[in-house]
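# Summary of the model geometry
Okay, here's what each chain looks like letter by letter:
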Amino acid sequence: MLPSRVLITGINGLIGGILHRALSDTYTLFGLDREGPFSHRIASVDIADAERLCDTFRRFAPLDAVIHLAGDSKVYADWEHCLSANIVGTRNVYEAARRTSVKRVVFASSNHVTGGYESPAGGSAGEALAPPPRISIRDPIRPDSDYGVSKAFGEALARFYCDRFGISSMCLRIGSVLYDDDPTHEPRHLQTWLSHRDLIQLVERCLAADVEFGIYYGVSNNHNRIWSIAEATAELGYHPLDDAVERSKTA
C-alpha cells in the first residue's frame, strides 16, 4: 500500500521545496526545518536535538514514510558541522523513525560518497582522475570530503536500521539539483544534472517501491553522465525524462 502520511525533513530547502510543491496533492505532507516558513504542519526543529525531534515525530504520527533531506549540504562544510547535522542528526532521524514506527525512510545521500573517483585526495580540479566507465553503486565508496564521509555514514546507518529494526531505506546519491533547473551554466552539470521532474519521479518511485533497501544515483538521463542508473531503473522503475546535453542544444 502506498504511504499516505509523509514527513519531509529540511522541507524549506531547495529540494524540500520542490518535493513539497509536487507531492502535496498526492500525500498528506508534514515537515520540519531550522528556518521558516512554519505552520501547523511544518515545525521548527534542529535534527541535532534528539528529544525535540522525536516529540515532533510523535506530534505528526502516525507517519508512513520520512524523506530525510535536512543537514549541512555544503560540500566543504567543516567536520563539526558534518558531525552535528549529518551524522548525529541523521542518527536522530532514524531513531525517531524507529520510536514512532515509521516503515520507510528515503535518505538524501550524495554523489560525493564516490566523489574521490573524480579527483584524488588532496588534489585539485586540474588533477582529476579518469572515473570508471560509469560509476555504479557496486564500486567501493571513495568520499571526497568530510561531507562525503558523513553521507557514507548515513548509508551505513540506513542499512543497520533496515536489518535491525525493519525500516525500509532508499539512499539517493543525488547529483546536481539547480535552483533554475538549467544545467547549461557549468560543464560539469552536463554530466551531473538531476532535473526537478526527474527528482520528483525518483522520490515517488522510492516511496512506492517494493524494495527493503537500496542505494541509487539520482541523475537525469544525461548523455555523458558519470553515474549508472541501472539499479534505479531495474529496482525502482526509474526512467528519467531529461538530458542535459539536449537541453544545452536548445539553450
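For the structure, check the block above.
Everything quoted here is computed from the prediction, not taken from an experiment.

### Concerning the environment of N92
- Residue position: N92 is located in helix 3 (residues 79-99).
- Overall, the relative accessible area of 9% leaves N92 in the buried class.
- Separated by 38 residues in the primary sequence, N92 and C54 have C-alpha atoms spaced 8.0 Å apart.
- Setting aside its immediate chain neighbours within four residues, N92 contacts I47, A48, D49, A50 and L53.

### Focus on the nonpolar core
- Among the nonpolar cores identified, the biggest contains 39 residues, and L19, L23, I67, L172, L199, V203 and L236 are the most heavily contacted of them.
- Elements that contribute at least two residues to this core include exactly strand 1 (5-9), helix 1 (14-23), strand 4 (65-68), strand 5 (104-110), strand 6 (168-174), helix 6 (196-208), strand 7 (213-218) and helix 7 (230-236).
- When residues in this core are grouped by element, the largest group, 6 residues, is from helix 6.
- Discounting residues that sit within four places of it in the chain, I67 has contacts with V6, L7, I8, T9, L19, L23, V106, V203 and L207.
- In terms of nonpolar packing, the next biggest core, distinct from the first, is built from 28 residues, L53, A70, V93 and I167 among them.

### Topic: the packing of aromatic side chains
- With the rule as written, the count across this model stands at 6 aromatic pairs.
- Centroid distance Y217 to W227: 5.7 Å. Interplanar angle 5°. Geometry classified as stacked. You can see Y217 sitting in strand 7 and its partner W227 sitting in the loop between strand 7 and helix 7, a full 10 residues away along the chain. In this structure, Y217 and W227 share a single accessibility class: buried.
- Every member of this aromatic cluster is reached through a ring pair, and the members are Y94, F160, Y161 and F165.
- Geometry around Y117 places R142 over its ring, the cationic atom sitting 5.4 Å from the centre.
- Note that R159 overlies the ring of F213, its terminal NZ or CZ placed 4.2 Å from the centroid.

### Section: the pairing of strand 4
- With burial as the criterion, each face of strand 4 is covered, one bearing A65 and I67 and the other bearing V66 and H68.
- Across 4 bridges, strand 1 lies against strand 4 in parallel orientation. Paired with T9 across the two strands is H68, which belongs to strand 4.
- Across 4 bridges, the pairing between strand 4 and strand 5 is parallel. Pairing of A65 across the sheet is with R104, part of strand 5.
- In this region the chain leaves strand 4, passes through helix 3 and returns to the parallel neighbour strand 5; the handedness of that crossover is right-handed.

Rules used in this analysis
- Residues numbered from 1 in each chain as written.
- Predicted model: local features only at pLDDT ≥ 70, side-chain atom pairs only at ≥ 80, totals over all residues.
- Heavy atoms only, no water.
- Helix = DSSP H or I, 4+ residues; strand = E, 2+ residues; numbered from the N terminus.
- Buried < 20%, exposed > 50% of the residue type's maximum accessible area, 1.4 Å probe, protein only.
- Contact = heavy atoms within 4.5 Å.
- Core = buried A, V, L, I, M, F, W, Y, C linked by side-chain atoms within 4.5 Å.
- Phe/Tyr/Trp six-rings, centres within 6.5 Å; stacked < 30°, edge-to-face > 60°.
- Lys NZ or Arg CZ within 6 Å of the ring centre and 35° of its normal.
- Pairing = 2+ DSSP bridges.
- Right-handed = clockwise from strand over helix to strand, strands pointing away.

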